[in-house]
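# Structural description and commentary
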Amino acid sequence: MRESSYYMPDREPTAAEERIIDELDAVLPGEVDRRKFLHGTAATIGAAMFAGCSGDGGGGGDGSSGGSTPSEASGDGGTSSTEANGFIDETEAVFTTPWKTEPSWGHTHVAEGRGYWEDAGVPNIDGVRGNGSDTESQNIGTGNKPMGIASMTTALSVYPETDNTEALDMSMVGLARGRPLLSLIWRKDMMEDRGDIAGKTILAASGFAAATIQVYPNLVGVDPSEVTLQEGTEEVAAPRLANGEVAAVWGSIDLLPVYQEEVDAELGVTPLTAFGGFPGFPIWVNNSWYENKENAPEFMGQVMTGYFKALKWGLLNQSEYLDYLKNEVNQNLQTWTEEELTGQHEVNCAQAVTLNMKDEGLGYFTEDGVANVLENAGPALVDNPDALPSASEMVISEPWENTEKVTFTDEEWNQLGETAGMIWDLFEEAEANN
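The structure displayed is predicted, hence computed values, not measured ones.

## Overview of helix H8 (residues 133-141)
Along H8, the residues classified as buried are Ser133, Glu136, Ser137, Asn139, Ile140 and Gly141. Each element contacted by the buried residues of H8 is listed here: strand E1 (93-96), strand E3 (147-149), helix H9 (152-157), strand E4 (170-177) and strand E10 (281-286). Directly beyond the C-terminal end of H8, a positive phi value near 90° is found at glycine 143.

## What to know about the pattern of salt bridges
Applying the stated criterion to the full structure yields 12 salt bridges. Where lysine 312 meets glutamate 412, a salt bridge forms, and the shortest distance between an N and an O atom there is 3.2 Å. Residue lysine 312 is located in helix H15 (residues 296-316), and its partner glutamate 412 is located in helix H23 (residues 410-420); the two are separated by 100 residues in the primary sequence. What makes lysine 312 buried here is its relative accessible area of 2%. With a closest N to O distance of 3.7 Å, lysine 326 and aspartate 323 form a salt bridge. Of this pair, lysine 326 and aspartate 323 are both found in helix H16 (residues 318-329), three residues apart, which corresponds to roughly one turn of the helix.

## A short note on the side chain of asparagine 287
Relative to the helices and strands, asparagine 287 resides in helix H14 (residues 287-292). Sequence-distant contacts of asparagine 287, that is, excluding residues within four places in its chain, are made with Asp169, Met170, Ser171 and Ile396.

## Details of the environment of leucine 325
Inspection of the secondary structure puts leucine 325 in helix H16. By relative accessible area, which is 1% here, leucine 325 ends up buried. Along the sequence, leucine 325 and histidine 107 sit 218 residues apart, while their C-alpha atoms lie 9.2 Å from each other. In contact with leucine 325, other than residues within four places in its own chain, are Glu102, Pro103, Gly106, Val110, Asn330 and Leu333.

About the thresholds
In this numbering scheme, every chain counts its residues from 1 along its sequence in written order. Local features are withheld for residues below a pLDDT of 70 in this predicted model, meaning they are given only at 70 or higher, and side-chain atom pairs are given and counted only at 80 or more; totals for whole chains, interfaces and linings count all residues. Excluding hydrogens and water, the side-chain values take into account all heavy atoms of the structure. Three labels apply to residues, based on accessible area from a 1.4 Å probe with only protein chains included: buried if under 20% of the type maximum, exposed if over 50%, partly exposed otherwise in between. Counting from the N terminus, the helices are DSSP H or I runs at least four residues long and the strands are E runs at least two residues long. Throughout, a residue-residue contact means that at least one pair of heavy atoms, one from each residue, lies within 4.5 Å. For this document, the term salt bridge refers to a Lys or Arg side-chain nitrogen within 4 Å of an Asp or Glu carboxyl oxygen.

Take a look at the structure:
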C-alpha cells in the first residue's frame, strides 16, 4: 500500500476554510502549502473550530442532516479520538465488507461517509463492498486487500493451502459482528431436545448452511453418519419442516418467523452461540501488510475505533441510519419496503453484539472463543484441521488494546434489545450459561 503525505479532500474548500488559509499566510513560512497544512497538522488542533465555522449542523461532513456527530455518538463524553490522543495517520487503505451495501453492512460506509474514521485520525480509509466472505477472506489472506470483515467459519473453510492456492496469511484483530446467525430450528414433536438428532433428517437451508452443517453433530456429540443431512434452500425449508419431511432446519435464525407461521408445531431454537463463544464476523488484517505497516497496532486500533463508533450510532439510530444508507450510500435501497429495511436492521442489532460487549465494548472477543471455533468447527470445515493455525497464531491482540472502547449505558443496552426483539431474547437465553 502506498502512503500519502497529506490528506487532500476531493472537493473545493469552504469559505470558512479559505478564510483560515488566508490567516495562515500571515504566520506560516512561504514554503509551507497552506491547504496541506490545513488538512494535516491543523486538522488535529482545529477540528472543533472547523465544525463550528462550517455550520454543517453535525452532518458528519457528508452533507446529510439529522443524527449525532461522531463525537456525540461515540459514548466517550464528546471527546473525539483525534482530540484525545493526537493520532493522525493518512495512509490510504481499503477496508472491505463481506457483502453488499445493505443495512447489515452499511456501518463501514457510515464510518467513512459520516467522518468517524476521519475523527479517529485515519481519514483515508476506503470502505468497499465485498463479494462474499469466501472471496473477501481470500482477498485479505493473499494481500489483495489489507483488511476487512469476513465470516469466521467461512474464513476457516478457505484458510488452508490447496493444490491451487497457498494458505491464507491473515489474523483476527476484532469482531465486526459478535454472533453468527446459524441456528438449529427444530420441531419439538419430532425431537426431544437439541441433541436428539440421531436418526433424524436435518435440512441445510442455504449453501453456506450446507458447508457448515456438520458442525452441529460435533457440538452435540453425535456421529454425523447417524444423521441424514440434506441440502436445500430457504424457500423450501419452511414447507418441508411444516409437513414433517425434516425434523430440523440448519440455517439463519432470522427466518424463524417464517417457520413459525407455516409449521403447526412448537419449535425449538438452538443458536450456534449456545455452545460457547463463537465469533461471528471478525475484522481481519493481512499479516504481511500489518507487519510492514508503520505504527500498525495504533493504526488498526483507530480504524476499529472509527468503525465501532459508526456501528453504535447505526444500531441506536435506526431511522437516521436507514435514511443515510438510502440517500447517501445505496439509492437502490429506496425500492425496499420499510419492513424489509427495519427487519434487516433489527436482526443486525441482535447479531452485532454479544452479552459482554455492553461493558467490554464493541468488537470484544477472547482467544478462548477462537479456540472454541477451531476445536468444534474446524474438523467439519476442512479436511485437515491440523492445517489451521492455533488460536494464538490467528489472533493479534495489540490493535484491540489500542482501540477506544465503545460501550453502552443501561438505557442504550435496553434500547438495543427492544429494537432487536425476539431474536435478542433467543440469543440472551441461549448464552446465559456461557
